[in-house]
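# Summary of the model geometry
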Amino acid sequence: MALAGDWAALVGDSPASLATGAELLARWAEPHRRYHNLDHLAAVLGGIAQLAAPGGDLADDLPAVRLAAWFHDAVYDGRPGLDEERSAQLAQSRLPRCGVPAGRVAEAARLVRLTAAHDTLAEGDHNGAVLCDADLAVLGMPGYDDYAGRIRQEYAHVPDDLFRAGRAEVLRRLLAVPRLYRTERARELWEERARANMTRELATLTADHDVS
């Protein structure tokens, strides 16, 4: 599997590193996941690679950003905030065993926690900007409707009216910020389409709500 090779390239192939990689892949492949799965992990890692390419916005500690991508939804039970906190704690538990320096472990865990609320990203946080932009890249990609449908599947336990209201609020909050993406390269790649996609979904959600 390509992801397993990417993990080994990032942290090495010690027994502890390989065991941690296998654990992470198993977590990302849990059957209850519909969007936050191995495809999403690969997409975020791919987004980071795009943003860190020559001409892009290079993070201050790119390995920490990649480690954060691996862990940012490693725990996913559909409980925003708590999932990110538990994922950060998992990173703090597992990464030292893989020989990752303490400072990088701390930075990776900080970045994982940051994904709980992207709008808390501080100006000048280059690592956070690259991770958050890569995490939100799906908003400006082809296949947005499939993404939105998979999000609904992950919240299948939530009644339609409550889901529509909650999802609409998330979209309004994202659309209200002057710049959805923090890096120049991400804005060039995804901003215009992301706003069009979210505006269209929001109109559908509110129209459905009005009809009901």
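What counts, and at which threshold
Residues numbered from 1 in each chain as written. Predicted model: local features only at pLDDT ≥ 70, side-chain atom pairs only at ≥ 80, totals over all residues. Heavy atoms only, no water. Core = buried A, V, L, I, M, F, W, Y, C linked by side-chain atoms within 4.5 Å. Buried < 20%, exposed > 50% of the residue type's maximum accessible area, 1.4 Å probe, protein only. Helix = DSSP H or I, 4+ residues; strand = E, 2+ residues; numbered from the N terminus. Contact = heavy atoms within 4.5 Å. Salt bridge = Lys/Arg side-chain N within 4 Å of Asp/Glu carboxyl O. Phe/Tyr/Trp six-rings, centres within 6.5 Å; stacked < 30°, edge-to-face > 60°. Lys NZ or Arg CZ within 6 Å of the ring centre and 35° of its normal. Polar contact = N/O pair within 3.5 Å; in protein donor to acceptor, adjacent residues only side chain to side chain.

### Observations regarding the nonpolar core
Formed by 63 residues in total, the largest nonpolar core has its most connected members in W7, I48, W70, F71, L95 and L139. For this core, the element with the most residues is helix α4 (residues 62-71), which contributes seven residues. Setting aside residues up to four positions removed in sequence, F71 forms contacts with W7, T20, L24, S87, L90, A91, R94, L95 and V112.

### Examining the side chain of E191
Its place among the elements puts E191 in helix α10 (residues 184-211). With sequence-adjacent residues up to four places away left out, E191 is seen in contact with P178, R179, L180, Y181 and A186.

### What about the pattern of salt bridges?
Where charged atoms from two side chains of opposite charge come close, those side chains can pair. Throughout the structure, instances matching the rule amount to 15 salt bridges. Beyond isolated ion pairs, a larger network of salt bridges with shared partners links E23, R27 and R94.

### Here we look at the packing of aromatic side chains
All chains considered together, the criterion is met by six aromatic pairs. Both rings, one in Y155 and one in F163, keep their centres 6.3 Å apart while their planes meet at 40 degrees; by these two values the pair is tilted. Each member of the pair, Y155 together with F163, is buried. Following the ring pairs from residue to residue traces out a cluster consisting of W7, W70 and F71. The positively charged end of R33 is found above the aromatic ring belonging to W28, 5.3 Å away from the centroid.

### Side note on the side chain of T115
Tracing the backbone through its elements, the reader meets T115 in the loop between α6 (102-114) and α7 (126-135). Take T115: its relative accessible area is 9%, and that puts it in the buried class. At a separation of 2.6 Å, a polar atom in the side chain of T115 contacts the main-chain carbonyl oxygen of V112. Setting aside its immediate chain neighbours within four residues, T115 contacts H72, E84, L131 and D135.

In short, geometric facts, not functional conclusions.
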